[in-house]
Amino acid sequence: MEYRTLGSSPLKVSAVGLGTWAIGDDFWGSVADSDSIKAIHAAIDAGINLIDTAPAYGSGHSEEVVGKAIRDRRDKVILATKVGILREKGAFNRNLKPESVRREVDDSLRRLGTDVIDLWQIHWPDVSTPLEETVGEIDRIREQGKIRFLGVSNFDVELIERVRKLTEIVSVQPHYSLLERTIDAELLPYCAGQGIGVLGYGTLAGGLLTGKFKKLPRFEAGDHRDNFYPFFKEPTFGKAQKLLAVLAEIAGERGRSVAQVAINWAIRQRGMTSALVGAKSPSQAQQNAAAGEFALSPSDLERIEIAWKEAGLARPAK
Ligand SMILES: NC(=O)c1ccc[n+]([C@@H]2O[C@H](COP(=O)([O-])OP(=O)(O)OC[C@H]3O[C@@H](n4cnc5c(N)ncnc54)[C@H](OP(=O)(O)O)[C@@H]3O)[C@@H](O)[C@H]2O)c1
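A short tour of the structure in this document, coming up. (Residues numbered from 1 in each chain as written. Predicted model: local features only at pLDDT ≥ 70, side-chain atom pairs only at ≥ 80, totals over all residues. Heavy atoms only, no water.)

1. With respect to the overall build of the protein chain
Stated precisely, the cut-off is as follows: In DSSP terms, a helix is any run of H or I states spanning at least four residues, a strand is any run of E spanning at least two, and both are numbered starting from the N terminus. The cut-offs for exposure are 20% and 50% of the maximum accessible area for each residue type, with area from a 1.4 Å probe on protein chains only; residues under the lower value are buried, those over the upper are exposed, and the others partly exposed. The contact definition used throughout considers only heavy atoms, calling two residues in contact when any of these lie within 4.5 Å. The accessible surface values rely on the Shrake-Rupley method and a 1.4 Å probe; as for residues, cover is taken only from the protein chains in view. The positive count covers Lys and Arg only, the negative count covers Asp and Glu only, and His and the chain ends enter neither. For this purpose, a charge sits on NZ of Lys, CZ of Arg, CG of Asp or CD of Glu.
For the protein chain, the helix and strand inventory stands at 11 helices and 12 strands. If one aligns the C-alpha atoms of the protein chain with their principal axes, the spans along those axes are about 50 × 40 × 35 Å. Scored against the burial criterion, the 318 residues of the protein chain give a buried share of 60%. A separation threshold of at least 6 residues defines the contact pool for the protein chain, and within that pool the share at least 24 residues apart is 77%. When the accessible surface of the protein chain is summed, it comes to about 13,200 Å², and 50% of that surface belongs to carbon and sulfur atoms. In the protein chain, 42 side chains carry a positive charge and 42 a negative one; their mean positions are 3 Å apart.

Written out as structure tokens, the structure reads:
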């Protein structure tokens, strides 16, 4: 596994991180906690040290499962969670009011079974709360030693610059994969130039970039991933299949899986620190972790770039 410095922090994070939205068990179909815990252990054993969760994932359930899984291995993990999205009657509501932020940190610490969060990330912007008030409260929480470093998620460059005038952030967490490359234009070069870490999420486009969905899938009740990721419909699904054919060729030549090629592509992009990849089983976690153990060649990357353009993916997903 390759390890990389996270922005201006001293943290060395694995180039492949483990995402734990799916194991919240309320949005991605049902996952047994015992399988989730085995997946987390397999990820750590395979060299992943960055685990990303959020209170919003299963209304705290993902944090609880992560907490149980790392109880006897806290020192092996860089624990990243988030603040600012409350699950209320099934909705994902933004709330960065100081009193809510203050409540959330203690709730997260309790669920995670730890006394410090390594990376606390503002999950989404909340336009109804002045950023100054949120950041002021977060700084007080940091002074109390409850969090080590601050990051943001789903922030554009303009908003990042506003936060940086108020406090130090070490990372940003944007949506990033071969099917969602909006950040190529501005955010990635900005972060590379400013030394801000980038943790890309949705690296497998909700599983589509594993190549396992040959036809438009119908997900089981309770699995809403196709609401969040806009790729499980035409024309994007068909375009993705064209790209996947080339990823499969490269995977075959290298003795790797399609998922590993898609993940490795993401961590080879300039400015990317780590790709956050979800896993529901030990074998998925092991396979995804191993994507951090090889490097696609410049000619592989060139072929992928050409295939991406020829598939018509340069236009935003509709
Ligand atoms: N900040 C944000 O707003 C935000 C938003 C989204 C995600 N995230 C973070 O990013 C993480 C990753 O994104 P994601 O979990 O949404 O999606 P993802 O990583 O693109 O896809 C994960 C899903 O793909 C399938 N999969 C994973 N590895 C596989 C393999 N090797 N072979 C076959 N199938 C495999 C699994 O589902 P099945 O087995 O059921 O197909 C898994 O749940 C999240 O868990 C979360 O931590 C953050």
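Structure shown, so let's carry the discussion forward.
2. Structural notes on unusual backbone geometry
The peptide bond linking glutamate 234 to proline 235 adopts the cis configuration, its omega dihedral lying at 5 degrees. For proline 235, the location among the structural elements is in the loop between helix H7 (225–228) and helix H8 (236–254). The backbone of serine 59 shows a phi angle near 50 degrees, a positive value even though the residue is not glycine. Relative to the helices and strands, serine 59 resides in the loop between strand E4 (50–52) and helix H2 (61–70).

3. Brief notes about the pattern of salt bridges
Put simply, the rule reads: A carboxyl oxygen of Asp or Glu within 4 Å of a side-chain nitrogen of Lys or Arg is what we treat as a salt bridge.
Inspection of every chain in the model, using the stated rule, returns 19 salt bridges. Of the charged contacts, one joins arginine 87 and aspartate 26 as a salt bridge, the two residues approaching to 2.8 Å between their closest N and O atoms. Of the two residues, arginine 87 is situated in strand E6 (residues 85–88) and aspartate 26 in the loop between strand E3 (16–19) and helix H1 (33–45); the sequence distance between them amounts to 61 residues. Given the relative accessible area of 27%, aspartate 26 is considered partly exposed. One network of salt bridges, in which partners are shared, links Glu2, Arg4 and Arg268.

4. A look at the sheet that holds strand E9 (residues 147–153)
Keep this limit in mind: Two strands are counted as paired when DSSP detects at least two bridges linking them. Here the axes come from fitting lines to C-alpha atoms, over the contacting stretch only for helices, and the angles between their N-to-C directions go from 0 to 180 degrees.
Taken together, eight strands build a closed barrel; the order of strands is E3-E4-E5-E8-E9-E10-E11-E12 and the barrel is parallel. Here the average twist between neighbouring strands, direction ignored, is 30 degrees. Where E9 meets strand E10 (residues 171–173), three bridges bridge the pair, whose relative direction is parallel. From the neighbouring strand, glycine 151 faces E10, where its bridge partner is serine 171. Sitting on the sheet, helix H9 (residues 258–268) touches E3 and strand E12 (274–278), and the angle it makes with E12 is about 150 degrees.

5. Remarks on the site of the ligand
Rules: Throughout, the term near means that a residue has one or more heavy atoms lying within 4 Å of the molecule or strand in question. Counted as a polar contact is a pair of N or O atoms within 3.5 Å, where, for protein atoms, one must be capable of donating a hydrogen and the other of accepting one, and residues adjacent in sequence contribute only when both atoms are in side chains. We call Asp, Glu, Lys and Arg charged. Ala, Val, Leu, Ile, Met, Phe, Trp, Tyr, Cys and Pro are nonpolar, and the rest, Gly among them, are polar.
Looking at the ligand, there are 32 residues lining it, with Asp52, Lys212, Arg225, Tyr229 and Lys280 nearest. The contact in question runs from an oxygen atom of the ligand to an N or O atom on the backbone of tryptophan 21, over 2.9 Å. Between tyrosine 57 and the ligand, the recorded distance is 3.4 Å, taken from a side-chain N or O atom to a nitrogen atom. Taking 890 Å² as the accessible area of the ligand by itself, protein coverage stands at 94%. Those elements that provide at least two residues to the shell around the ligand are H7, E12 and helix H10 (282–289). In terms of residue class, the shell around the ligand is made up of 12 nonpolar, 15 polar and five charged.

6. Considerations on the packing of aromatic side chains
Our working definition: Paired rings are identified among Phe, Tyr and Trp, the last through its six-membered ring, by centres lying within 6.5 Å, and are further divided according to the angle between planes into stacked (under 30 degrees), edge-to-face (over 60) and tilted (the rest).
In total, this model carries 14 aromatic pairs according to the counting rule given. With centroids separated by 5.7 Å and ring planes inclined at 70 degrees, the aromatic side chains of tryptophan 21 and tryptophan 28 adopt a geometry described as edge-to-face. Judged by its relative accessible area of 12%, tryptophan 21 is buried. Pairing phenylalanine 219 with phenylalanine 232 gives two aromatic rings, centres 5.1 Å apart and planes at 85 degrees, and the pair type is edge-to-face. Taken together, the residues phenylalanine 219 in the loop between strand E11 (197–200) and H7 and phenylalanine 232 in the loop between H7 and H8 connect sequence positions 13 residues apart. Phenylalanine 232 gets classed as buried once you look at its relative accessible area, which sits at 9%. By way of ring pairs, the aromatic residues Trp21, Phe27, Trp28, Tyr57, Phe92, Tyr201, Phe228, Tyr229 and Phe231 are connected into one cluster.

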